[in-house]
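Listed below, chain by chain, are the residues.
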Amino acid sequence: MKAIGFTENGAPQVLRPMELPMPEPGPGQVLIKVAYAGVNYGEVQHRLGDFGPPDGVDVTGLEASGHIAALGPGVEPGEGLAIGDPVAAYLPTGGGYAEYAVAPAELVFPLHTAAGEIDLRTAGGAGLVLPTAYGLLAEAARLRPGDTVLIHAAAGGVGSAAAQLARALGAKAVYGTVGSTAKAEYATRFGYDELFGREGFGEAVLKATGGRGVDVVLDPVGGPTRLASLEALAPFGRVTIFGEAARHPDLELPLLSLWKNNRTLAGYNIADLSRRDPQLARSHGLAAFDLLATGQVTIDITGVLPLNAAVEAHERMQAGAVQGKLLLQVADQA
């Protein structure tokens, strides 16, 4: 099969086309003929070596859509999990940048649902983004109706989905931060009450909330942004970490301030959750995909490149030049 892989960590140019054996689904797994693969910052980190060096040939790609090609031992055919069915999947060990990919059955989501149908193109950018955004808000951040929410990287794939999900889950106000004016203009379509520049956002948040601060902050950035987020919390507010896009050294946080100022720091990592409690991860995904099927949440696909343009996709992602969701088209959809 055709795939994009790498044998050493480094710049986007380490990604190269390869011919690899088709994977076989093991116990509890599903083989998917890939139509589209989403492009995510986690794949940039994979390529750079943040998850360790490659084991021979690595194929990255954490989410994909396509059709079920085979079921592994122990996977019973059922609604949405039959050969030929269209699905989206989160791929915790990668593999999406290829004609075929294997996923745990719990992390494969049907596109024909009781709530409605989802097309393969939209689903190509949803398998990681939607479960992550839902789990962040509903589980890690313990979002409650009436809460106020601040989302960093508001124009990104997770940020734009989280803004919509926060509304669907009852948030009273949703704010966001962005790194440029162009990204602020783009992010307005997702229902933010206000958008702020990343620099000096803390004062802007306090002003917007009458000095109270926000109940929830979602932070994939890290470094100084994380420290400033703690200062922008309302009483019993929660900063929830789900990434380290700025690639700063780990922070040494003053824990006494959590006690003295009624603050909470939480973390969300879908890879860890999927390994230790895949059924909980599945429940997040199914709930979020129902909201996608009914139109309460949209995935804004802003670009589709062919699979052999993976280097360009990574260059754009690493430079922070991606708004919404960028996809790689793997199979000819004609």
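Residues numbered from 1 in each chain as written. Predicted model: local features only at pLDDT ≥ 70, side-chain atom pairs only at ≥ 80, totals over all residues. Heavy atoms only, no water.

Q: Explanation requested: the nonpolar core in the structure shown.
A: Here is a general trend for soluble globular proteins: nonpolar side chains tend to be buried in one another's company. Counting 56 residues, the largest nonpolar core has Leu130, Leu218 and Phe289 as its most contacted members. Counting residues per element, this core draws most heavily on helix α3 (residues 129-140), which supplies 7 residues. Beyond its immediate sequence surroundings of up to four residues, Phe289 is in contact with Ala88, Phe109, Leu111, Ile118, Ala126, Gly127, Leu130 and Pro131. Counting residues in hydrophobic clusters, the runner-up holds 41 residues, among them Leu15, Met18, Val87 and Leu326. (Core = buried A, V, L, I, M, F, W, Y, C linked by side-chain atoms within 4.5 Å. Buried < 20%, exposed > 50% of the residue type's maximum accessible area, 1.4 Å probe, protein only. Helix = DSSP H or I, 4+ residues; strand = E, 2+ residues; numbered from the N terminus. Contact = heavy atoms within 4.5 Å.)

Q: Looking at this structure, I do not really get helix α4 (residues 157-168). What am I missing?
A: Compared with the 16 Å implied by 1.5 Å per residue over 12 residues, the 17 Å span of α4 between its first and last C-alpha is a close match. Counting buried residues in α4 gives 10 out of 12 residues, a clear majority hidden from the surface. Within α4 the residues assigned to the buried category are Gly157, Val158, Gly159, Ser160, Ala161, Ala162, Ala163, Gln164, Leu165 and Ala166. Of the surrounding secondary structure, the elements contacted by the buried residues of α4 are α3, β10 (148-151), β11 (173-178), β13 (214-219), α10 (278-293) and β17 (325-329). Once α4 finishes, Gly170 follows within two positions and takes phi at roughly 105 degrees, a positive value. (Expected span 1.5 Å × (residues − 1).)

Q: Looking at this structure, how should I read the pattern of salt bridges?
A: When the charged atoms of two side chains with opposite charge come close together, those side chains can pair. Evaluation of the coordinates by the stated rule reveals 13 salt bridges. A salt bridge links Lys2 to Glu19; the shortest N-O distance between them is 3.9 Å. A residue pair is termed long-range when its members are at least 10 positions apart, and Lys2 in strand β1 (residues 2-5) and Glu19 in strand β2 (residues 16-19) qualify at 17 residues. Residue classification places Lys2 among the partly exposed positions, given a relative accessible area of 49%. Among the salt bridges present, the one from Arg212 reaches Asp215, with a minimum N-O distance of 3.0 Å. What emerges from the salt-bridge pattern is a single network uniting Arg144, Asp147 and Arg238. (Salt bridge = Lys/Arg side-chain N within 4 Å of Asp/Glu carboxyl O.)

Q: Help me understand the packing of α3 against α4, please; the structure alone is not making it clear to me.
A: Each pair of packed helices gets described by two things: the angle between the helix axes and the distance between those axes. Contact geometry of α3 with α4 gives a least axis separation of 9 Å together with a crossing angle of 50 degrees. What the angle tells us is that α3 and α4 run oblique. For the element pair α3 and α4, the recorded crossing hand is right-handed. Across the interface between the two elements, Val129, Leu130, Thr132, Ala133, Tyr134, Leu136 and Leu137 from α3 touch Gly157, Val158, Ala161, Ala162, Leu165 and Ala166 from α4. (Axes fitted to C-alpha atoms, helices over the stretch in contact; angles between N-to-C directions. Parallel < 35°, antiparallel > 145°, perpendicular 65-115°, else oblique. Left-handed = near helix turned anticlockwise from the far one by under 90°.)

Q: Looking at this structure, I do not really get the pairing of strand β12 (residues 194-197). What am I missing?
A: In regular strands, side chains alternate between the two faces of the sheet. The pairing of β11 with β12 spans 4 bridges and is classified as parallel. In the sheet register, Val178 faces β12, and the bridge partner there is Gly197. (Pairing = 2+ DSSP bridges.)

Q: What's the story with the sheet that holds β10 in this structure? I'm lost.
A: To summarise the sheet geometry, strands pair through backbone hydrogen bonds and adopt either a parallel or an antiparallel arrangement. If you walk across this open sheet you meet the 6 strands as β12-β11-β10-β13-β14-β15, and the pairing is parallel. At either end of the open sheet lies a strand with only one pairing partner, and these are β12 and β15 (263-267). This sheet shows a mean twist of 20 degrees between the axes of neighbouring strands, independent of strand direction. Where β10 lies against β11, 4 bridges are found, and the strand directions are parallel. Opposite Leu150, over in β11, you have Tyr175 as the bridge partner. Running at roughly 155 degrees to β12, helix α6 (residues 201-208) makes contact with β10, β11, β12 and β13 of the sheet.

Q: I keep staring at the packing of aromatic side chains and nothing clicks. Help me out?
A: How two aromatic rings sit relative to each other is set out by the distance from centre to centre and by the angle between their planes. Counted under the stated rule, the structure contains 3 aromatic pairs. When the centroid spacing of 5.1 Å and the interplanar angle of 25 degrees are considered together, the rings of Phe109 and Phe289 count as stacked. A residue pair is termed long-range when its members are at least 10 positions apart, and Phe109 in strand β7 (residues 108-110) and Phe289 in helix α10 qualify at 180 residues. By the burial criterion, Phe109 is buried, and Phe289 matches it. Ring geometry for Tyr186 versus Phe190: centroids 5.4 Å apart, planes at 70 degrees, classification edge-to-face. In terms of burial, Tyr186 and Phe190 fall into one category: buried. (Phe/Tyr/Trp six-rings, centres within 6.5 Å; stacked < 30°, edge-to-face > 60°.)

Q: It is not clear to me how the packing of helix α1 (residues 41-48) against helix α11 (residues 310-318) should be interpreted in this structure. Could you clarify?
A: The contact between α1 and α11 brings their axes to 10 Å, and the two run at 105 degrees. Regarding the angle of α1 to α11, the classification is roughly perpendicular. Facing Tyr41, Glu43, Val44, Arg47 and Leu48 of α1, the residues of α11 in contact are His314, Met317 and Gln318. Per-class residue counts for the contact of α1 with α11 are 4 nonpolar, 2 polar and 2 charged. (Nonpolar A, V, L, I, M, F, W, Y, C, P; charged D, E, K, R; others polar.)

Q: Mind showing me how you'd approach the pairing of β17 here?
A: Where burial is concerned, most of β17 is hidden: 4 out of the 5 residues are buried. Of the strand pairs in this sheet, strand β3 (residues 29-39) and β17 are connected by 4 bridges, and their pairing is antiparallel. Within the sheet, the bridge partner assigned to Val39 lies in β17 and is Leu326. Judged from the 5 bridges that link them, strand β16 (residues 301-306) and β17 form a sheet pairing that is parallel. What sits directly across from Pro306, in β17, is Gln329. A crossover connection joins β16 to the parallel β17 through α11; in handedness this β-α-β unit is right-handed. (Right-handed = clockwise from strand over helix to strand, strands pointing away.)

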